[in-house]
Amino acid sequence: MPAMHFTVRWPDASETRCYSPSLVIKDYFAPGSRYPLPDFMHSVREALHIASERVRAKYGFACSAAMDQLADLEQLAARWGDDPQQHIDLVSFDD
């Protein structure tokens with residue numbers, strides 16, 4: 001199963017390199033695009049859950065790394081709450 005990394009830029013201009021065990025992230029985001037924070041979080045939750053379930057289908061267990069990544073993103077996003085005026089930039093994909 002091809003894993004990938006993707007980099008996001010937060011409203012304070014800090015960046016986070018993120019992990020997904022599946023390329024499904026590419027179905028939800030595009031490099032160079034900007035997303036309202038609530039929309040980004042909704043999509044990344046869905047994408048990482050799908051990625052984790054793909055691991056379960058192939059290996060018989062969910063991907064804890066995907067869920068850990070989601071927990072990290074949730075914690076980071078909490079700094080801005082659900083403010084739709086805050087945006088996340090998808091900087092890059094690193095397959």
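Refer to the structure presented above.
Basis of the calculations
- Residues numbered from 1 in each chain as written.
- Predicted model: local features only at pLDDT ≥ 70, side-chain atom pairs only at ≥ 80, totals over all residues.
- Heavy atoms only, no water.
- Helix = DSSP H or I, 4+ residues; strand = E, 2+ residues; numbered from the N terminus.
- Buried < 20%, exposed > 50% of the residue type's maximum accessible area, 1.4 Å probe, protein only.
- Pairing = 2+ DSSP bridges.
- Axes fitted to C-alpha atoms, helices over the stretch in contact; angles between N-to-C directions.
- Contact = heavy atoms within 4.5 Å.

(A) Main features of the environment of Y59. Structurally, Y59 can be placed in helix α2 (residues 37–59). A relative accessible area of 47% means that Y59 is categorised as partly exposed.

(B) Highlighting the sheet that holds strand β4 (residues 87–94). Ordered in space as β2-β1-β4-β3, the 4 strands form an open sheet in which the pairing is antiparallel. Of all the strands in the sheet, just β2 (15–20) and β3 (33–36) have a single pairing partner and so form its edges. Sheet twist, expressed as the average angle between the axes of neighbouring strands with direction ignored, equals 35°. Helix-sheet contacts for α2 involve β1 (4–9), β2, β3 and β4, and the interaxial angle to β3 is about 105°.

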